[in-house]
Amino acid sequence: QRRNGLTDVDAQHCVWYGECGDSKIAGKKYNCNYTGPPKPLQAEGHELLAELCPGYDYGDRSLCCDVDQLNSLKGSLQLPLQFLSRCPACSSNFMNLFCELTCSPHQSRFMNSTDFNGPSVTEVQYYIGQTFTNAMYNACKDVQAPSSNVKALSLLCGKDAKDCNATNWIQYMFNINNGQSPFPIIPIFSDVPVSGYTPMNNKTYACTEGLDDGSGPCSCQDCTKACGPKPVPPPVPPPWTIFGIDAMTVIMWISYSAFLLIFFGAVLGVWYYRKRTIMSEYGPILDSNNPLSLNADNPDQVNASCCETLGERFENALRTLFSSWGSFCVRHPSVVLLGSLILVVGSSGGLVYMRITTDPVELWSSPSSQARQEKDFFDSHFGPFFRTAQLIITTPIVDPFLYSPYFGGSDVPFGAILRKDILHQVAAVISDDFFVYADYHSHFLYCVSAPASLNDTTLLHDPCLGTYGGPIFPWLALGGYDETNYNNATALVVTFPVNNYLNDSVRLGKARAWEKEFVKFMKNFKNPNLTVAFSAERSIEDEIDRESKSDISTIVVSYVIMFVYISLALGHINSCRRLMVDSKISLGISGILIVLSSVSSSLGIFSYCGIPLTLIVIEVIPFLVLAVGVDNIFIVVQAYQRDERMPQEELHQQIGRILGDVAPSMLLSSLSETVAFFLGALSNMPAVRTFSLFAGLAVFIDFLLQISCFVSLLIRLTANRLDIFCCAKLPEGQETRTDSFLFRFFKKIFAPFVLKEWVRPIIVAVFVGMLSFSIAVVNKVEIGLDQKLSMPDDSYVLDYFKNLTMYLHTGAPVYFVVEDGLNYSSLEGQNAVCGGVGCNNDSLVQQVYSASLISNYTTIGFTPSSWLDDYFDWVKPQSSCCRYYNTSGEFCNASVVNSSCVHCRPMTPAGKQRPEGEDFMQFLPMFLSDNPNTKCGKGGHAAYAAAVDVYPDLTGVGATYFMTYHTILKESPDFTEALKMARILAANITEAVGHKVFAYSIFYVFYEQYLTIASDTAFNLGVSLAAILAVSTVLLGFEVWSAVLVSVTIAMILVNMFGVMWLWSISLNAISLVNLVMCCGISVEFCSHIVRAFSISVKNNRVERAEEALAHMGSSVFSGITLTKFGGILILALSKSQIFQVFYFRMYLAIVLLGAAHGLIFLPVLLSYIGPSVNKAKVFSANKRNAGTERERLLNY
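Note that the structure is a prediction, hence the values are computed from the model and not measured.

Draft legend 1. Region of the structure containing the pattern of salt bridges. For the coordinates displayed, the defined rule picks out 28 salt bridges. As a salt-bridge pair, Arg 86 and Asp 869 come within 3.8 Å of each other at their nearest N and O atoms. You can see Arg 86 sitting in the loop between helix H3 (67-84) and helix H4 (88-103) and its partner Asp 869 sitting in helix H31 (residues 867-875), a full 783 residues away along the chain. Overall, the relative accessible area of 3% leaves Arg 86 in the buried class. Ionic pairing is found between Arg 546 and Asp 794, a salt bridge with its closest N-O pair at 3.1 Å. Of this pair, Arg 546 sits in helix H19 (residues 539-569) while Asp 794 sits in the loop between helix H26 (759-777) and helix H27 (796-807), placing them 248 residues apart in sequence. Here the salt bridges share partners, and the residues they tie into one network are Asp 870, Asp 873, Lys 876 and Lys 938.

Listed below in structure tokens is the structure:
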């Protein structure tokens, strides 16, 4: 074969040899034109040849390059090799390409010089086999750059790795615009001879193969083929359905239909039976042969069971105790009032030590919780996470503009926010100089695709790194773009990480002061071309604080309305003449003062104990205690108003007797609530625990003050003095006593109607229907708290949240923290966590990488940054990164040119291995102090300075972390799911590594509660119901069935609350859980008084007993709780705070309406059907006690 008139043997010559002339690229040289045979390499180049091109290190080493060319080759390839050396096959193929180009003794076979400048070659054509090209690309395409969380080709290809392919990668490397190639090298790809040239098609290695020098195959992270099949997320469990309809809905429909069938069947059966035997309405119940009959026994004979007798004696003991106490309080009011005042003032004195917690971490996360302990560990080892201040900048200008590249190519559209004049205005905002020396568009387009590149390939050859030495990722700095078209961005995101300090209040105070000024500056900033949403670390806390202060007026108005109502409603005005006597304003005010005293005493006592308050406590507890306390006040006052004094009975005896009648009922409700609340304090949630403690004590103190102070003040009812103007007295006159309108309404209209024979089944059907609906939707109530709700309507933070959701393209950083104790100096310890050659397939880095491949399921968005892998690349002798002065042993940066700088490790087989033992620790501090530069892109200072906790005496490495990012998280469930998935991944890593690894992100402490809130809610409410059942059983005189009915009704109210929460879009979180615990307490008030009145009634049958209980107690409960609360709740709807509107107005309204409906409508009907039988011992005792007295006539009436 002949080519260009030369034989094939003659054709094997060089195309260049040696260097001559400076290239247009600064610091680079041209090669000299030379077409002679190859020359033996000088002796001083042998070591360099063995390092770079070991394939030519044999014989006399006759090559087409000299030592200078080898040195230039090494300098040009330093950076790519630092990134590609993680995968031996890739770096071997890569070096093969450049060794053949630079030094091959057969250059003329596949190279053609096409342009010269004097003796210099200024352009060549390089014929490369397509097979070689594809194999080289395939071996390198998956190699990671750990510090940047991207693939290495993103930094070496001039575009994002996904847009890089076998040919455009080589074209980019051979282009002079990359800043490394001294002259144009034109690659021509073919597997067959072209124009007489045979393309270079040397042997290549696949990334799954080991090399001849003993190097192993690439790791799974750097070579997808080495991984086996890609992980597949488990299928999403299908929704639970029956016939294509939600299963719970179907089940509850069937259950409800079955209940209606059985219930109405039984009702109709009884009606038919009664009609057939032509009996009276209550015949079946009154039938003496009926085991359920109340009249089967002669009332003069007591056939009471042991339990009934015990209950009657307990009841009698309580009555006697409270009667004696009431009598004492009326006889010695001064002693009682003064003693109570001293105790209240003493308890309230603790308020001087009161601390209010507004720190969100303290509010929502228990110190013993997993997330809190992990946060404390992270903060103490690596310093607390930065305090973040952030701007999201958009522009009202909507028109994009086109950029035409200088060197040809299609026009590129840019978003308006990237206009030069807009960027100048932004630069003014962020107080940074912004001068344009060259076209910023081309710099932008290159650097968004290769953010960690050290050369932007424009004429300026600027690095893409930020001033801190690390990459600025486009998905952190830009917003509102589609996919990866960053040029279409519509928002700029500017983040100021402010140093945070652990246990250093002075420096933390300075950081907070800076944030305060930052917020003030941004509030006042105005620019017609810029719209800026902003937030600082302190913003949420500040806005919650401001919201609390602005809500004070709403709360005050709400309480004033309730106070005015109480003061007016307590009075029962019989005639205009007695207006000033019968209105009980002063008594109402006294009752309110007692409520407030109990609240302040509770706060004071716990403040003495050093327990901090929360805003929830301050906002909710007065409301709760008012509900409970006012109800009891109405019961006492109305019982007195309806009572007639017995002949020869003194005032103190009468009030004592009344207290003996009603105080057990007050004790029942108050003690049930107190025990329920104190057991609620077992909760892990600080907000719920604190509320439960304060509420339990406040309710109990309120009860004690009511049966002492308030009873002593009852004497005001009897003295015929003018209300408020108590010095004046009305002349005695004969007054007829009348019942109040509300009492008459309940007695004559409401109670008889509710208990009509045809009304009762309808009521049962309606309430069981409500219950069935609520059970069907209880699992559909959303969990979480939309953080937008916690802000006032007019808050600047709402704009920030809105922009965050709209524009941000990445989630929060997540750290996989390896706790102290892992030996990184040993091969086993290294292999357990690293991601490069020789690392375990289930290592930490490998598992996080695998998780990032299915990010839609795992929420792990990117490959982790790995200090260990970068350290191994940095310390390799082939790299110019790790050097030290042989005179002093000090670190010598790669950019320093000094003959006394020597490589850390020798160019020997052992030196090329990973450092172990003392070697590992010797060079690690140098790595962590080295900033990346154009000679060495692997310096660890920017990315890892805080990630490695090195022991002070360099004896080892303590805790370390490996960072990545979550995917975009927008709603509360997204954050909870991200936490759950990260913990599952960390548990798998811990198992594989055999050492504790945990996941940490800044938001985990706030969202951890939602992982367990469903079980926490069930536990809290279950414990409260159990407490109510136990206390009710004892205080109702051991009537278990009565206590069960109370508990069942309260459980129904709670389940219906979930139905309301679903209908009204109220999510389940700590705030709503506090309200549900409170609902449990208030429901006791609605139910227990009615049930106790029913249990002590001595009427003939269940219906009459239920009617009497509803008439006597119903009016007090209705006026005491329902009406009192109603006015106050409606005002809450006017609050600016969204949290008030959703969690207080809506939930309180539901609590009061559901409580009133169940207590005053459903419960009496339930008692009329399945209420407990009358306690024979109590009937006998009551008849005996009242025989021959006026009381007997009243009871019969």
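Draft legend 2. Representation of the environment of Gln 641 in the model. In this structure, Gln 641 sits in helix H22 (residues 615-642). Here Gln 641 falls in the buried class, since its relative accessible area comes to 14%. Distance in space between the C-alpha atoms of Gln 641 and Ile 186 is 108 Å, their sequence separation being 455 residues.

Draft legend 3. Representation of the sheet that holds strand E22 (residues 813-818) within the structure. Spatially, the four strands line up as an open sheet ordered E25-E26-E22-E27, and their pairing is antiparallel. Each of the sheet's edge strands pairs with one partner strand only, and the pair in question is strand E25 (948-950) and strand E27 (997-1000). In this sheet, neighbouring strand axes are inclined to one another by 20° on average, regardless of whether the strands run parallel or antiparallel. Packing against the sheet, helix H32 (residues 917-929) makes contact with E25 and strand E26 (957-965), and its axis sits at approximately 125° to E25.

Draft legend 4. Highlighting the packing of helix H24 (residues 686-713) against helix H38 (residues 1070-1096). Where H24 contacts H38, the axes come no closer than 9 Å and their chain directions differ by 25°. Classified by the angle their axes make, H24 and H38 are roughly parallel. Seen from above, H24 lies across H38 with right-handed handedness. Facing H24, whose interface residues are Ala 687, Val 688, Phe 691 and Ser 692, H38 presents Ala 1070, Leu 1073, Val 1074, Val 1077 and Met 1078. Looking at the contact of H24 with H38 residue by residue, the classes come out as eight nonpolar, one polar and no charged.

Draft legend 5. Fine view of the sheet that holds strand E19 (residues 491-498). In space, the four strands of this open sheet follow the order E18-E19-E15-E20, with antiparallel pairing throughout. Of all strands in the sheet, those bounded by a partner on one side alone are strand E18 (478-479) and strand E20 (531-535). Most of the contacts of helix H18 (residues 505-524) go to strand E15 (residues 387-394), to which it runs at about 15°, and overall it touches E15, E19 and E20. H27 contacts E15, E18, E19 and E20 of the sheet and is inclined by roughly 75° relative to E15.

Draft legend 6. Examining the packing of aromatic side chains more closely. Across all of its chains, the model carries 66 aromatic pairs by this definition. Between Phe 98 and Phe 174, the aromatic rings sit 5.6 Å apart at their centres with planes inclined by 80°, giving edge-to-face as the arrangement. Of this pair, Phe 98 sits in helix H4 while Phe 174 is found in the loop between helix H8 (166-173) and strand E11 (185-189), placing the two residues 76 residues apart along the sequence. The exposure class of Phe 174 is buried, given its relative accessible area of 2%. Pairing Phe 378 with Tyr 961 gives two aromatic rings, centres 5.7 Å apart and planes at 25°, and the pair type is stacked. Of this pair, Phe 378 sits in helix H14 (residues 370-382) while Tyr 961 sits in strand E26, and the two are 583 residues apart along the sequence. You can call Tyr 961 buried: its relative accessible area is 11%.

Draft legend 7. Region of the structure containing the pairing of strand E7 (residues 111-117). Here E7 pairs with strand E8 (residues 120-128) via six bridges, running antiparallel. By the bridge assignment for E8, Asn 112 is matched with Gln 125. Between E7 and E8, which follow one another and run antiparallel, lie two residues, and Gly 118 among them has a positive phi close to 65°.

Draft legend 8. Broad picture of H19. Taking 1.5 Å as the rise per residue, H19 with 31 residues should run 45 Å; its terminal C-alpha atoms sit 44 Å apart, in good agreement. Of all the bends in H19, the greatest, near 35°, is centred on Asp 551.

Draft legend 9. Geometry of the side chain of Gln 125. Note on placement: Gln 125 falls in strand E8. A polar contact is formed between the side chain of Gln 125 and the side chain of Tyr 127, at a distance of 3.3 Å.

Draft legend 10. Representation of the environment of Cys 307 in the model. The residue Cys 307 is located in helix H11 (residues 306-331) in this model. Classification of Cys 307 as partly exposed rests on a relative accessible area of 44%. C-alpha of Cys 307 to C-alpha of Glu 1039: the two residues are 732 residues apart in sequence and 8.0 Å apart in space. Apart from the residues within four sequence positions on either side, Cys 307 is in contact with Gly 1037 and Phe 1038.

Basis of the calculations
- Once a new chain begins, its residue numbering starts again from 1 and follows that chain's sequence as written.
- Per-residue local features are limited, in this predicted model, to residues with pLDDT of at least 70; the limit for side-chain atom pairs, both in listing and counting, is 80 or more; totals at the level of whole chains, interfaces and linings are taken over all residues.
- By convention in this description, side-chain values take in all heavy atoms of the structure and omit both hydrogens and water.
- A carboxyl oxygen of Asp or Glu within 4 Å of a side-chain nitrogen of Lys or Arg is what we treat as a salt bridge.
- Only DSSP runs of H or I covering at least 4 residues are called helices, and only runs of E covering at least 2 are called strands; the numbering of each starts at the N terminus.
- In this scheme, a residue with accessible area under 20% of its type's maximum is buried, one over 50% is exposed, and one in between is partly exposed, where area comes from a 1.4 Å probe on protein chains only.
- One bridge is not enough; two strands pair if DSSP finds at least two bridges between them.
- Axis definition: a line fitted to C-alpha atoms, limited for helices to the stretch in contact. Angles are taken between N-to-C directions and run from 0 to 180 degrees.
- Contacts were defined at the residue level, with two residues in contact if any of their heavy atoms lie within 4.5 Å.
- To sort the angles, those under 35 degrees are grouped as roughly parallel, those over 145 as roughly antiparallel, those from 65 to 115 as roughly perpendicular, and the leftovers as oblique.
- By convention, the crossing between two helices is left-handed when the near helix turns anticlockwise from the far helix through less than a right angle, and right-handed when the turn is clockwise.
- Residues are grouped as follows: nonpolar covers Ala, Val, Leu, Ile, Met, Phe, Trp, Tyr, Cys and Pro; charged covers Asp, Glu, Lys and Arg; every other residue, Gly included, is treated as polar.
- Two rings from Phe, Tyr or Trp (for Trp, the six-membered ring) form a pair when their centres are within 6.5 Å of each other. A pair whose planes differ by under 30 degrees is stacked, one over 60 is edge-to-face, and the rest are tilted.
- Under the convention used throughout, the expected extent of a helix is 1.5 Å for every residue step, that is, one less than its residue count.
- A residue's bend is given by the angle between axes fitted to the 7 residues ending at it and the 7 residues starting at it.
- Throughout this description, a polar contact denotes any pair of N or O atoms lying within 3.5 Å of each other; where both atoms belong to protein, one of them has to be capable of donating a hydrogen while the other can accept it, and for residues adjacent in sequence the pair is counted only when both atoms sit in side chains.

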